[in-house]
Each structure stands twice: as structure tokens, then as C-alpha cells.
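The primary structure of each chain is shown beneath.
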Amino acid sequence: MEHAQEHEACPEQTQRYCVERPIYNQELLQGQLHRRQRTPQTLKQKIAHSCRCTSKKAKSHLYSFLPILKWLPRYPVKEYLLGDIISGVSTGVMQLPQGLAYALLAAVPPVFGLYSSFYPVFLYTFFGTSKHISIGTFAVVSMMVGGVAVREVPDEMISLDYNSTNVTDARDTKRVQVAVTLAFLSGIIQLCLGFLRFGFVAIYLTEPLVRGFTTAAAVHVFTSQLKYFLGIKTSRYSGPLSVVYSIAAVLSNITMTNIAALIVGSTCIVLLLIGKEINDRFKKKLPVPIPMEIIVVIIGTGVSAGMNLNKSYKVDVVGNIPQGLRAPTVPEIQLIPAIFVDALAIAIVGFSMAVSMAKIFALKHGYTIDGNQELIALGICNSVGSFFQTFSVTCSMSRSLVQESTGGRTQIAGALSSIMVLLVLVAVGYLFEPLPQTVLAAIVMVNLKGMFKQFGDVTHFWRTSKIELAIWVVAFVASLFLGLDYGLLTAVTFAMITVIYRTQSPQYRILGQIPDTDIYCDVEEYEEVKEYPGIKIFQANTSLYFANSESYASALKKKTGVDPCAILAARRKAQKRHAREIKAANEHRKKAVLKLTNDVEASVKHEIANDDLPVNGKFADSGVQAVSPDEHEHFVETKTNIRSLILDFTPVNFVDSVGAKTLKSIIKEYKEVGVCVCIACCSGPVMNELTRLNFFDKAVTRELLFHSIHDAVLACQVKDGSAFTD
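Computed from a predicted structure; not experimentally measured.

(A) Molecular detail of empty space enclosed by the protein. The tally for this structure, following the rule as stated, stands at 3 cavities of 30 Å³ or more. In this structure, the largest cavity encloses a volume near 120 Å³. Residue lining of the largest cavity: 14 residues in total, with T223, S224, R236, Y237 and S246 positioned closest to the centre. Those elements giving two or more residues to the lining of the largest cavity turn out to be α12 (207-230) and α13 (242-252).

As C-alpha cells, this is what we get:
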């Protein structure tokens, strides 16, 4: 009653519709429809059409390749400029210390982090479609770059192959070459994927995979910064178990900790955490976030210079920062074969992080982004930037949040932040030379706070999806112990396996009707849902193809309770048993006749003496029963009370040749036991696939396919002669 009253109170929920139409199967429906005439284009015509150039088409391609031409002329200066300036300055003061810090992760001198914070950011202004993301150095990508650089240029190789008196300079030079070539190659890969419209590759990096991967990367980054934070001299490791080797190296040299570096780093961490807490707690009241990172850099630089920490306490500092910009140089092309796989991983991870963040902001602010153009934009940022000594970049989550929250409205904010980095490079870069490396390590460690919070995903996915939890755990464990490159490959492979697992292990349901409607739901889920006598409606929430065809047929038999093979086997067994019974009866009759022949005279005398004459030519009690001719044809009939079976194809997106053969086999097997199989809700593309696979023949016609489940039910009832009242 309560439900009825609620429905009466809501007129929108009590609206009804009544439709009277024939029962449609595909044969009848297609006969009443007229297909549109389409003239297929030849390959030559398609090529000619794609190569045809008109002014409108050229303008569209130009605006797509250079989005700035579209939005800049419409830029509302009075409304947007102030917010973009504030946002650009706020992001720029974050970009300076992060550029210096992430250069350590990339195993290159800090100045190259500043280059990577200028050129790519400025280029993205012209080619990017997102108005809010901040392109530049990012911890995960920088860590991947550093791993490749250390693997290709270990300390031992430099000391053996170089006669230079300054082994560190020779090592840094070679590692810069590796990092720059890696940026060039990853950019070329992104450009190729973008021009080939392969922006969809990011969908294979599902959210649990990315979060598990970045959490493992955060652990890698944290352990790599321990030696800078503690002021310990250890080698940097890459590859499988590198995080274990790094921790072991730090622990074995823990007694060599530089106390001054530890105090400075710890103080910076405390200040940064306090600043972040204030920004988070009072973000609605603060006009702009407190730029705690640049404040810590300035204080750390001042203290280091004033107390001469490098010479007095042996605290490692940033060192030489060349003034001005470097002349463009060509990357080392001969390194490409050795780093191709790493470049591919960096290209995909970088794009995935950038486009996922861009989609979040686009959805929030009501505009769209072009995934393929984002690939092209990142490709240009990396490939062109590599000629100016930058390493691979992507979107920074922390800077993007600051850029958006401080009022940034367009790509102008990113351009202004890059100009701030440029001013440091050409004018005041030398002031940061006394900056202790432990300060940069503290900045990196504190910025990992958000990634470490992703450990909370374990409890979330435990409650929501065990499969996504498995993806997260595999991505984390594999990336942690196998390295970021092999870990990513393992995680993607496992994610693909889960897709196969889901299609091979779908949910199977028997549907029934909600009374007085044409709506069909799971009979096990709702009490009101009822099944029609003699009709079973089967649904599997998956497509039908080679990997799950066998399980589909097995589940169909189990859920409907009708196994044609078992019924036919039972029939054959019954026939054989009855044949044996007939044979035994006939043999018994022959023996009885023979016995009667031998004793006929005695039997006749006995019957006459007792006045018991034959009746109709037969003895009333001869002890022999004649076998009726009908009994030779009669056997125990094994039947099922199911007369019709309807397969709901609503969730089916495609059928391959194996699936079509399985479906045809199901129809024929059930037909042999007197069960008619129909298919309902088969989509147009699936119909076309079945036609191409020669599914239809004289035995399996389109008359077995129905437009809806209700059409199929009504047709089955008519065929079975059941009374139906709607």
C-alpha cells in the first residue's frame, strides 16, 4: 500500500503506455522495413576523399593542431587575466623547487630540471587542449627516467671508460644524453600515436592499475631520496629489486649519516607539512596557497650560504647552475635501440596521467579535451624540448591542483609559470647554487604524501571490487620489486587477464516476467517475478566467443535444468533396456512353446478330464503370454516439461565463429529433445556478424530471432497452444 501511495503521489511514475502490434520476429520485421540505399566507396574513392583539401577542412585541421588559434582571439582579458596571473605566479613558485628536486630523481644535474620546467610548459600553451593542467617535471616519470639513466650509465662504467679527472662530470654528461634521448624518443612515440588516432591506449591503464603503479613509484622515489636526506654516499640502483638494494645500502651506511643534513632536511619536512596542513585547512579563506616550497628553498639557501654548510659540515649542495639557456643540440640517436621499450612505457604512462587529470578538470569546468591532440601536444613538448636538454615530462598533479584552485582559467597561466622559470634561468639561477640537496629531498618526500594516501585504496577496493583490488595489488607489488618498467608491463598483462576472466566467468540468470508488464527480471532476485510454464528465459551478461562458448553452453544446461545430451543418453539407455526385455521375453516364449509341445497330450487329457476346454483357440491358463507387436515399438519416453527456451542477447556485443557454431549446436541439440530455442534482443551488429558467419540455414532461420523477450514469449505461447491474456 505504501508503494501504491507513493506512486499515486508522483504522477510521473504512474504514466502508462499501451501498444498494440504484431508479434515481431526478425523475418517479419525485416520484411516490413526498407533499408537505406548506400553506395559503398572504393578504396580509391576513400583515399581521394581523405586527401581532398578544402579551405574549411584546412582551417579545421589547423585549429585542431594549434588550439591556441581558436581560444586566444576570444580570450576575455578583463574576466580571465587577473586569475591567470595569480595562478601562473603561484604555480611558478612551485615549479622552481620541484624542477630542481625532480632532476635528482632523473639522475641529472638540477639545472636540467629547470630546463624541463620551461620549454615543455611553454610549448603546451600552443598545442594543449586542457586549460588547467600543469605540464612539467613529475616524480613518477622522473624516477623512470633516472632508472634508465643509471642502468645505461652506472658509476663503474664511467670510472673505467673515462680518463677525465672529474668522474662526476663525465657521468652526469652521459646520463644527460640518455635522459634527453629518452625524452626525444618518448615524444616521437606520442606524436605517432596521436597522428594515428591512438588516444584510446590510455584506457588499458585502468584507475586501480595507475594508482597501484604510482604508489609503488612513490616508494621507489622515497627510498631514492633517503641518501640525499641523510647525506649518505651510496650507489643508485635500477631494475628488479632496486628498492631492496637501495634500502639495504642506506641501512649499511646509516652510521655515516651527516647530522647537519639530517637536521636541515627534518626542519624542512616539518615546515612543509605545516604549510600543507594550513593550505588544506584554510584553502577557502586563503586568496592563494602559501608557497611553502619556495619559502623553504629560500630559507635553506640562505642558511647554507650563511653557515657555509658545504665546506663546514660537508653537506651536499646543488652546485653550479649555468646562467642563460643552452644552444639546441641533437639527441644521441645511437642510444635509441637500448631504450626503446623504456621510452614506450614512459610515453604511455605520461599520457595516461596527463589525460586523466585533464578529463577531471574538463568535466568540472564544462569543456572537452581531445585525447589524440593531448598525445600530439605531449609529443611536441618532449621531442622538441629534448633538443634543448629537457627530460621526459607529463602533468604534475600537485601543480595542476594549485593552478586550478588559484583561479587559472586558460593555458595563459601555464605560460606565465614557465616565464618565471625562464627569469630564474637567465637572471638569478646562480643564487640557488648553495641550496642543500637535503632540502630538495625533503620537498620530494613531502610531495609524495598524496600518493602514500593511495594505500587507502586497499580497503576501498576490498569493499567494492575484489578484481580491481587484485589489479591494484599486482601493479603495486610488481612495480615495487620488478622495477617500474617491468612492473607496468606485468600490471597491464594482468589487467588484460582479468578482462578475459570476467568474460569467461559472467553472471548467468533465469528471467521471469513482472506481472502485467513486458519487463523481465531475475527470478532469484525479486519475489514478484514469475516464470511462464514450459518457458525458460536465459541471460548471460557477456558476449559469445571462443573463450566462453563452452561455459555458456554448460551454464545454460545447469540453469535451465535441461541437458539434451543427458536426455538423449537416457533415451538410448531406455531403448537398450527395453530391447533386452523384449529379447528375454521372446526367448522365454520359445522355451515355453517347446515345453508345451512335449507335454501337449498330457495337458489336453488333463483339461478334458476337468471340463476345461480351450477358449477362442487358446488355453485359459497356459502360463505363456503373447507379446503384443506394439510392445516391440514401445519404450520408456524420457521427456522434459520445458517446451521453449529463449536466449536473451541484450548484453551480447559480438559473436565469433566459435560462438556461432556453439549457438547453432545448442539450437539443434534442444530441438532433438523437443525444446524450441529462440533468440531475443539481438542487436543489428550481432545480426550482421551471424549472417557473415553463415549462421542461418534451412534449420536455423531468422524466424527464431525476436525483437524483444516479450515477442519471443508470446510466440512460444502461441506455438505451444497456451492461453494468454495480456
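(B) Up close: the nonpolar core. Of all hydrophobic cores here, the largest spans 120 residues; its most connected members are V108, I133, V140, M144, V145, L209 and L440. Considering every element that reaches this core, the biggest residue donor is helix α17 (residues 336-365), with 15 residues. With residues up to four places along the chain from it excluded, the contact list for I133 reads Y124, A354, M357, A358, F361, E374, C395, S400 and Q403. Counting 51 residues, the second largest nonpolar core, distinct from the first, contains Y532, L556, C682 and I709.

(C) Just the UniProt feature "transmembrane region" (unreviewed entry) in the protein, in detail. The sites that UniProt annotates as "transmembrane region" (unreviewed entry) are residues 100-127, 133-150, 178-205, 243-274, 286-307, 335-355, 412-432 and 469-501. Note that residues 133-150 is 67% helix and 17% strand, and that its end C-alpha atoms are spaced 30 Å apart. Annotated as residues 412-432, this span is 81% helix and 0% strand, and its ends, taken at the C-alpha atoms, are 27 Å apart.

(D) Fine view of the packing of aromatic side chains. Throughout the structure, instances matching the rule amount to 19 aromatic pairs. Ring plane angle 75 degrees and centroid distance 5.4 Å describe the contact between F455 and F476, whose orientation is recorded as edge-to-face. Of the two residues, F455 sits in the loop between α22 (449-452) and α23 (457-464) while F476 sits in helix α24 (residues 466-482), which places them 21 residues apart along the sequence. Ring plane angle 50 degrees and centroid distance 5.4 Å describe the contact between Y545 and F654, whose orientation is recorded as tilted. Here Y545, found in the loop between β5 (535-540) and α26 (549-560), pairs with F654, found in the loop between β6 (644-648) and α30 (657-672); they are 109 residues apart in sequence, far enough to count as distant.

(E) Expanded view of the side chain of Q454. By the secondary structure assignment, Q454 is in the loop between α22 and α23. Here the side chain of Q454 touches T215 through a polar contact of 2.8 Å, side chain to side chain.

(F) Fine view of the pattern of salt bridges. Scanning all chains against the criterion turns up 13 salt bridges. K364 is the salt-bridge partner of E404, the closest N and O atoms lying 3.0 Å from each other. With E404 in helix α19 (residues 397-405) and K364 in helix α17, this pair connects stretches of sequence that are 40 residues apart. The buried category is assigned to E404, whose relative accessible area is 12%. A salt bridge links K536 to E531; its shortest N-O distance comes to 3.1 Å. K536 sits in the buried class, given a relative accessible area of 15%. Beyond isolated ion pairs, a larger network of salt bridges with shared partners links R151, E152, D342 and D485.

(G) Inspection of the packing of α12 against helix α25 (residues 484-504) at higher detail. It is at 11 Å that the axes of α12 and α25 come closest, and there the two elements cross at 160 degrees. In terms of axis orientation, α12 runs roughly antiparallel to α25. Remark: the crossing between α12 and α25 carries right-handed chirality. Residue-level contacts link L209, F213, A217 and H220 of α12 to L484, L488, A491, V492 and A495 of α25.

(H) Quick look at the pairing of β6. Judged by how many residues are buried, β6 sits mostly within the fold: 5 of 5 residues are covered. Judged by which residues are buried, β6 turns out to be covered on both faces: S644, I646 and D648 on one side and L645 and L647 on the other are all buried. Note: β5 against β6, 5 bridges, orientation parallel. When the sheet's bridge partners are listed, Q539 is paired in β6 with D648. The pairing of β6 with strand β7 (residues 676-680) spans 5 bridges and is parallel. Each residue of the ladder has a partner; that of L645, found in β7, is V677. For the crossover from β6 across α30 to β7, the handedness is right-handed.

(I) Fine view of a positive patch on the surface. Together, R572, K573, K576, R577 and R580 give the surface a local cluster of positive charge. Here R577 shows up in helix α27 (residues 564-598). Among the residues examined, R577 registers a relative accessible area of 34% and is labelled partly exposed.

(J) Layout of the environment of S551. Considering the arrangement of structural elements, one finds S551 in helix α26. Spatially, the C-alpha atom of S551 lies 7.9 Å from that of S505, the residues being 46 residues apart in sequence. The contact partners of S551, leaving out residues within four places of it in the chain, are Q504 and Y508. Within the structure, S551 has its side chain in polar contact with the backbone oxygen of N548 (distance 2.9 Å).

About the cut-offs
Residues numbered from 1 in each chain as written. Predicted model: local features only at pLDDT ≥ 70, side-chain atom pairs only at ≥ 80, totals over all residues. Heavy atoms only, no water. 1 Å grid on protein atoms, 1.4 Å probe; cavity = no way out; pocket = protein on both sides within 12 Å on 5 of 7 lines; lining within 4 Å. Points joined across faces, edges and corners; volume = space filled by probe spheres on them. Helix = DSSP H or I, 4+ residues; strand = E, 2+ residues; numbered from the N terminus. Core = buried A, V, L, I, M, F, W, Y, C linked by side-chain atoms within 4.5 Å. Buried < 20%, exposed > 50% of the residue type's maximum accessible area, 1.4 Å probe, protein only. Contact = heavy atoms within 4.5 Å. UniProt positions renumbered as here; feature names shortened; annotations may be inferred. Phe/Tyr/Trp six-rings, centres within 6.5 Å; stacked < 30°, edge-to-face > 60°. Polar contact = N/O pair within 3.5 Å; in protein donor to acceptor, adjacent residues only side chain to side chain. Salt bridge = Lys/Arg side-chain N within 4 Å of Asp/Glu carboxyl O. Axes fitted to C-alpha atoms, helices over the stretch in contact; angles between N-to-C directions. Parallel < 35°, antiparallel > 145°, perpendicular 65-115°, else oblique. Left-handed = near helix turned anticlockwise from the far one by under 90°. Pairing = 2+ DSSP bridges. Right-handed = clockwise from strand over helix to strand, strands pointing away. Patch = residues over 30% accessible without salt bridge, like charges linked within 9 Å, V, L, I, M, F, W, Y side chains within 5 Å. Areas by Shrake-Rupley, 256 points an atom, 1.4 Å probe, with all protein chains shown as cover. Lys, Arg positive; Asp, Glu negative; His and termini not counted. Charge placed at Lys NZ, Arg CZ, Asp CG, Glu CD.

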